[in-house]
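Take a look at the letters that make up each chain.
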Amino acid sequence: MKLLLKIWRQDGPKEKGQMVDYNVDGIEGDMSFLEMMDILNSQLIEKGEEPINFDHDCREGICGSCSMFINGEAHGPGRNVTTCQLHMRSFKDGETIFIEPWRAKAFPVIKDLMVDRSAFDRIIQAGGYVSVNTSGNTQDANSIPIPKEDADLAFDAATCIGCGACVATCKNASAMLFTSAKVAQLSLLPQGQVEGKERVINMVNQMDLEGFGNCTNTGACEVECPKGISLDNIARMNREFLSATAKGKK
Amino acid sequence: MASKGLLSSSIARKFAMALSALFLIVFLLQHMSINMLSVLSPDVFNEVSDFMGTNPLVQFVLQPVLIFGVCFHFIVGFILEYKNWTSREVKYAKYKGSANASWMSRNMIISGVVILLFLGLHFYDFWIHEITHKFIEGKDSFIVNGESESGFRFYEELRHKFAGDFPRMILYIVSFIFLALHLNHGFESAWQSMGARSKKYTPIIKKIGVAYSVLVPLGFIFIAAYHYVTQL
């Protein structure tokens, strides 16, 4: 399979970037997209050129590292997959493929296709945790009864891998799906409800501070999310935030 | 971190936007229903229009609330759009928005601007004339004693506006199509922004939203076309 790749190259956060054309040959349909990128980088190294920087780690769809905007879609044309799970059989021989980094003011480009997603870390730091006394007498979580439906919903929300595809694909670069999943995975459980009001206010405020856009309910984030995080979480966070704010909770 | 105040957060601004949207949705249904009377019964249309145009509660309470609601919806809409636009400083070379979201949901600002431009035309056609007639020329006496002297003019004014004016009818129809597109996403989106979403009620809200976004603009289109066609 021969491909023409149009890839964003940018030397550093403050450098000006541009789309650069690359031709690759010998690509097999069973290769993953990242393996195709590896082959391209090998060719560039052999030529003495700078390889293309991109994030990757587990290559199993778990870590959320691989962050490429491929042919106008986050993680490419597949559904419920990350870039590492995308296979080259999804493309045609001779096709032109656009490869860009996540685009958002809150996700500045570090180099080429790598972006700084520490804005997500700061949202988590603002409240995405449960305060637990770890002095040795912590209650066993299994001793707290939790309705099956709530446990399932919390677990579904917890499958968010924080890849940032929701931000990348949203026309407004909104982080509502990520933030709402991280709020819901705790607020649905008894252990998380104690700090529920502070959590939702603090995390939403941090999300706004980071410069993400507003949610206009297009639903694109849910479609492109590799873990299928539901829009229900956004509605739940809206309810929790409005309720907590109306009650004047700090 | 303390709460920043109700309208300073993104979620609260969207909530306020949703509230104003639902208020305008109720107004639109009322407006279309009254306008439809001009097709069904000119006399009843005149009576109802006279009531709406002269009743102090409508004129001095509901009308200012409506004007505030319209202005609020547009101003907050533009503020949100500006924030959204600046949240992605470098745009994608290739962005396939149609792969995961409807045109209506991605282009609320376009349909909204068309509706705003239409409101300019609509105000020029009817509202400015009405305000001039009542408050500047003082031809209706309701200001003095609550009675209307020339209330039964509404039907003739409406007919006159569309008599032989094909471009105006087309402008109205095109605007109502954009209104339908705006409502198609806006109705459901308003509920989501308020956190109203459940497995039981969301499918019903979606169906009502689709029906509303088709039927109400279609009603307006029918009224404009009727008054043009019946005067050919």
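Cut-offs applied
Residues numbered from 1 in each chain as written. Chains lettered and ligands numbered in written order. Predicted model: local features only at pLDDT ≥ 70, side-chain atom pairs only at ≥ 80, totals over all residues. Heavy atoms only, no water. Contact = heavy atoms within 4.5 Å. Buried area = accessible area lost by both parts, 1.4 Å probe. Salt bridge = Lys/Arg side-chain N within 4 Å of Asp/Glu carboxyl O. Polar contact = N/O pair within 3.5 Å; in protein donor to acceptor, adjacent residues only side chain to side chain. Helix = DSSP H or I, 4+ residues; strand = E, 2+ residues; numbered from the N terminus. Nonpolar A, V, L, I, M, F, W, Y, C, P; charged D, E, K, R; others polar. Core = buried A, V, L, I, M, F, W, Y, C linked by side-chain atoms within 4.5 Å. Buried < 20%, exposed > 50% of the residue type's maximum accessible area, 1.4 Å probe, protein only. Domains from an automatic or database assignment. Expected span 1.5 Å × (residues − 1). Pairing = 2+ DSSP bridges.

Trainee: Could you clarify how one ought to interpret the interface of chain B and chain A in this entry?
Mentor: How big an interface is tends to be expressed through the accessible area that disappears when the partners come together. Tallying the contact residues gives 40 residues for chain B and 53 residues for chain A. With both sides pooled, the region where chain B packs onto chain A buries about 4,000 Å², and carbon together with sulfur makes up 52% of that total. Summed over the shared surface of chain B and chain A, the number is one salt bridge. Arg197 of chain B is the salt-bridge partner of Asp232 of chain A, the closest N and O atoms lying 2.4 Å from each other. Linking chain B with chain A are 30 residue pairs in polar contact (both at pLDDT 80 or more), by the criterion used here. For the side of chain B that touches chain A, the secondary structure elements donating two or more residues are helix H1 (10-40), helix H3 (56-86), helix H4 (103-106) and helix H8 (166-193) of chain B. For the side of chain B that touches chain A, the residue count by class is 14 nonpolar, 14 polar and twelve charged.

Trainee: It is not clear to me how unusual backbone geometry should be interpreted in this structure. Could you clarify?
Mentor: Leaving glycine out, the prevailing phi sign among residues is negative, and the prevailing peptide bond configuration is trans. We note that Arg59 of chain A has phi near 55 degrees; this positive angle belongs to a residue other than glycine. Of note, Arg59 of chain A is situated in the loop between helix H1 (33-46) and strand S3 (69-70).

Trainee: Looking at this structure, how should I read the nonpolar core?
Mentor: The nonpolar side chains of a soluble globular protein tend to be buried, and buried together. Ranked by size, the top nonpolar core spans 48 residues in total, and within it Trp102, Phe107, Phe120, Val167, Leu177, Val200 and Phe212 of chain A carry the most contacts. Counting only elements with at least two residues in this core, the list comes to helix H2 (118-125), helix H3 (148-158), helix H4 (165-169), helix H5 (176-187), helix H7 (196-209) and helix H9 (232-246) of chain A together with H1 of chain B. A per-element tally of this core places H5 of chain A first, with six residues. When residues of this core are assigned to domains, at least three fall in each of domain 1 (3-111) and domain 2 (117-131 + 144-246) of chain A. Of all hydrophobic cores here, the second largest spans 38 residues; its members include Phe154, Tyr172, Leu183 and Phe220 of chain B.

Trainee: I keep staring at the side chain of Thr169 of chain A and nothing clicks. Help me out?
Mentor: As for its position among the elements, Thr169 of chain A is in helix H4. By relative accessible area, which is 1% here, Thr169 of chain A ends up buried.

Trainee: Any chance you could explain H7 of chain A here in plain terms?
Mentor: Given 3.6 residues per helical turn, the α-helix brings residues three or four places apart onto the same face. Here H7 of chain A contains 14 residues, and its C-alpha end-to-end distance of 20 Å stays within 8% of the 20 Å for a straight helix at 1.5 Å per residue. Within H7 of chain A, eleven of the 14 residues are buried, which leaves the element mostly enclosed by the surrounding structure. Within H7 of chain A the residues assigned to the buried category are Gly196, Arg199, Val200, Ile201, Asn202, Met203, Val204, Asn205, Gln206, Met207 and Asp208 of chain A. Of the surrounding elements, those touching the buried residues of H7 of chain A are H2, H5, helix H6 (190-193) and H9 of chain A together with H1 and H3 of chain B. Trailing H7 of chain A by a residue or two, Gly211 of chain A shows a phi angle of about 95 degrees, which is positive.

Trainee: What should I look at first to understand the pairing of strand S1 (residues 3-9) of chain A in this one?
Mentor: Two faces, one strand: in a regular strand the side chains alternate between the faces of the sheet. All names here are of chain A. Of all seven residues that make up S1, five are buried, and the element is covered over most of its length. Judged from the four bridges that link them, S1 and strand S5 (residues 96-100) form a sheet pairing that is parallel. Bridge pairing in S5 places Lys6 opposite Phe98.

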